[in-house]
Amino acid sequence: MIVLAGTIGAGKSSLAKALGEHLKTDVFYEAVDNNPVLDLYYQDPQKYAFLLQIYFLNKRFESIKMAYRQDNNVLDRSIFEDELFLTLNYKNGNVTKTELEIYQDLLANMLEELDGMPKKRPDLLVYIDVSFETMLSRIAQRGRSFEQIENQEGLKDYYAQVHNEYPDWYKNYDISPKLRIDGDSIDFVNNPEHLDEVLGQIDDELKKLDLL
Ligand SMILES: Nc1ncnc2c1ncn2[C@@H]1O[C@H](COP(=O)(O)OP(=O)(O)O)[C@@H](O)[C@H]1O
Ligand SMILES: Nc1nc2c(ncn2[C@H]2C[C@H](O)[C@@H](COP(=O)(O)O)O2)c(=O)[nH]1
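Residues numbered from 1 in each chain as written. Chains lettered and ligands numbered in written order. Predicted model: local features only at pLDDT ≥ 70, side-chain atom pairs only at ≥ 80, totals over all residues. Heavy atoms only, no water.

## A closer look at the site of ligand 2
Inference 1: Taken together, 19 residues sit near ligand 2, with K12, E30, Y42, Q53 and E147 positioned nearest.
Inference 2: Here an oxygen atom of ligand 2 and a side-chain polar atom of Y42 are 2.5 Å apart.
Inference 3: Between ligand 2 and R60 there is a distance of 3.2 Å, counted from a nitrogen atom to a side-chain nitrogen or oxygen.
Inference 4: Residues belonging to the shell around ligand 2 are distributed by class as follows: nine nonpolar, three polar and seven charged. (Near = heavy atom within 4 Å. Polar contact = N/O pair within 3.5 Å; in protein donor to acceptor, adjacent residues only side chain to side chain. Nonpolar A, V, L, I, M, F, W, Y, C, P; charged D, E, K, R; others polar.)

## Remarks on the packing of aromatic side chains
Inference 1: Summed over the entire model, instances satisfying the criterion amount to ten aromatic pairs.
Inference 2: Summarising the aromatic geometry, the rings of Y41 and Y42 are spaced 5.3 Å apart at their centres and angled 80° between planes, so their arrangement reads as edge-to-face.
Inference 3: When its relative accessible area of 6% is taken as the criterion, Y42 is described as buried.
Inference 4: Through successive ring pairs, a cluster of aromatic residues spans F80, Y127, Y166, W169, Y170 and Y173. (Phe/Tyr/Trp six-rings, centres within 6.5 Å; stacked < 30°, edge-to-face > 60°. Buried < 20%, exposed > 50% of the residue type's maximum accessible area, 1.4 Å probe, protein only.)

## Considering the UniProt feature "active site" (unreviewed entry) in the protein
Inference 1: The sites that carry the UniProt feature "active site" (unreviewed entry) are, in the present numbering, D76.
Inference 2: With respect to the element layout, D76 can be found in strand β3 (residues 73-76).
Inference 3: Judged by relative accessible area, D76 falls into the buried class, the value being 3%.
Inference 4: At a separation of 2.8 Å, a polar atom in the side chain of D76 contacts the side chain of S13. (UniProt positions renumbered as here; feature names shortened; annotations may be inferred. Helix = DSSP H or I, 4+ residues; strand = E, 2+ residues; numbered from the N terminus.)

Here's what the structure looks like:
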């Protein structure tokens, strides 16, 4: 099981799709397209931050349960990143201390459940590292209206906060082996040679782990 990690717009879904095709495995995507809370969150983070966290946590757990039962698959964003968003929303006053504690309890409880599953943790976490400028240009390029910085005051600052949290998050991540991909200089979306290079890096890592 491979999980993709990285800031918003880093390229997780794109690489997850390519990896799924390359390894001929299922891909479990993040619950974005039919998410009934995501656009509401961007309109009013204070009102919807907690509900959005619960929504994502529930959906991610659903995917993980299916994914952990199979031998091979790719997951678009790890459950281990959820707390990054939660604590940021707490710092920004969008989540109360009580909500933070209830969520952390629930998350710990859910993570404990994973310990009882055939596969307890990912085999490899692939972190796509991008600069803040790249993050902004990819969000703009993808074009989801509620994510556009022109549409909402303060959104660029929030993106900067999310972006700033990632280096330490990745440094401290120790649940599974991990691999960093340079998402700035490698265009695995439009350049087939770059895609081969990234897939080669991941294959090499899987071979080192005796998984390929
Ligand atoms: N390495 C890359 N080079 C060029 N464009 C990319 C790259 N990664 C992603 N993109 C583009 O950036 C946008 C966001 O990518 P996406 O895969 O949705 O990111 P994420 O799932 O991390 O939010 C999409 O329009 C995608 O085509
Ligand atoms: N507040 C939170 N927002 C989240 C969380 N997980 C994802 N998201 C948002 C960020 C993007 O707008 C969108 C999809 O994420 P991508 O990184 O795939 O673009 O959902 C979360 O836990 N909290």
